[in-house]
Amino acid sequence: VNNPLAGLRNCQRRLCKTDLPEDRRAEYLELMEEGLLRIEGVVMQLLRFSRGGPLQRTSACPSRLITSAVSLLQPVMTGGQIRVEVDTTGTAGKELLVDAGQVEQALVNLLFNAAYVTPDDGLIRVRTCVRDAMAGLEIQDQGPGIPVEILNKVEDPFFTTKPEGKGTGLGLSVTRGIMDAHQGELEFAFPAGGGTTVTLWFPLDHPA
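Calculation notes
Residues numbered from 1 in each chain as written. Predicted model: local features only at pLDDT ≥ 70, side-chain atom pairs only at ≥ 80, totals over all residues. Heavy atoms only, no water. Helix = DSSP H or I, 4+ residues; strand = E, 2+ residues; numbered from the N terminus. Contact = heavy atoms within 4.5 Å. Areas by Shrake-Rupley, 256 points an atom, 1.4 Å probe, with all protein chains shown as cover. Buried < 20%, exposed > 50% of the residue type's maximum accessible area, 1.4 Å probe, protein only. Pairing = 2+ DSSP bridges. Axes fitted to C-alpha atoms, helices over the stretch in contact; angles between N-to-C directions.

Participant: Account for the overall build of the protein, naming residues and giving values.
Facilitator: Assigned secondary structure in the protein consists of five helices and seven strands. Starting at the N terminus, the α and β elements of the protein follow one another as α-α-β-α-β-β-α-β-β-α-β-β. Put simply, of all contacts in the protein between residues at least 6 apart along the chain, 71% involve residues at least 24 apart. In the structure as shown, the protein presents an accessible area of about 11000 Å², 54% of it carried by carbon and sulfur atoms.

Participant: So, helix α5 (residues 171-181): which residues are in play, and what are the values?
Facilitator: Owing to its 3.6 residues per turn, the α-helix brings residues three or four apart onto one side. Every buried residue of α5 is listed here: Leu172, Ser173, Thr175, Ile178 and Met179. Where α5 is buried, its residues touch α4 (100-117), β6 (185-189) and β7 (197-203). Just downstream of α5, Gln183 is the residue with a positive phi angle, here 55°.

Participant: Provide a residue-level description of the sheet that holds β6, including the pertinent values.
Facilitator: Within a sheet, neighbouring strands are paired by backbone hydrogen bonds and run either parallel or antiparallel to one another. Reading across the sheet, the five strands line up as β2-β4-β5-β7-β6 and stay open at both edges, with mixed pairing between neighbours. Edge positions in the sheet fall to β2 (83-87) and β6, since each of these pairs with one other strand and no more. Across the sheet, the axes of successive neighbouring strands diverge by a mean angle of 20°, strand direction being ignored. Pairing of β6 with β7 involves five bridges; the strand directions are antiparallel. Directly across from Glu185, in β7, lies its bridge partner Trp201. Along the sheet, α4 contacts β4 (123-131), β5 (134-140) and β7; its crossing angle with β5, the most-contacted strand, is approximately 30°. Contacting β6 and β7, α5 runs over the sheet at an angle of about 130° to β6.

Participant: Could you give an account of the pairing of β5, with specific residues and numbers?
Facilitator: Here β5 lies mainly inside the structure; six of its seven residues are buried. Looking at chain direction, β4 and β5 are connected through seven bridges and run antiparallel. Residue pairing for β5: Arg127 is matched across the bridge by Glu138. Between the end of β4 and the start of β5, which pair antiparallel, lie two residues, with Asp132 showing a positive phi angle near 55°. Sheet topology note: the β5/β7 ladder contains seven bridges and is antiparallel. For Ile139, the partnering residue across the bridge sits in β7 and is Val198.

Purely geometric stuff here, so don't read any function into it on its own.
Structure (structure tokens):
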């Protein structure tokens, strides 16, 4: 819920500017509506989780899932002049049978973390790829990476390296739960050039 709320707050601040062009105003209003719908979706996910309900699987295009998540956090990225480079050619023509709302939530969690550690004027790369019978949604930041001594803790509930008020420590824990529910994998890698690459791997054979 805090992730879309951050986007809503940024949109609200920009809408208060009197010199904002009408097309930008309409764009921010649309983003606010998306944020509110996402909050509603999170609440519904919590209800389904507490009741042990099944995933609401539908056929989804990886590029649409990524575009939706990036659009929601665009105001946060813009605030730090962080650029987002998206390449979805790796899964061209592929469809995933997933709960789109949950996958988008996982992507938002990862993008929010990437934006937090990437310096101003930095770059976040988002791309898709295929490996064996798995489709990957990959996010690479320009942060300092994850120290080896805490790597086995980052998915623990309520574990966070952010200062108080900046994070709850639930983002990666929730993301792990979403991937487990989809029989997928959450993978961390550390490129030689620095930063962290996190990949969500989904089966292409659509397990029941």
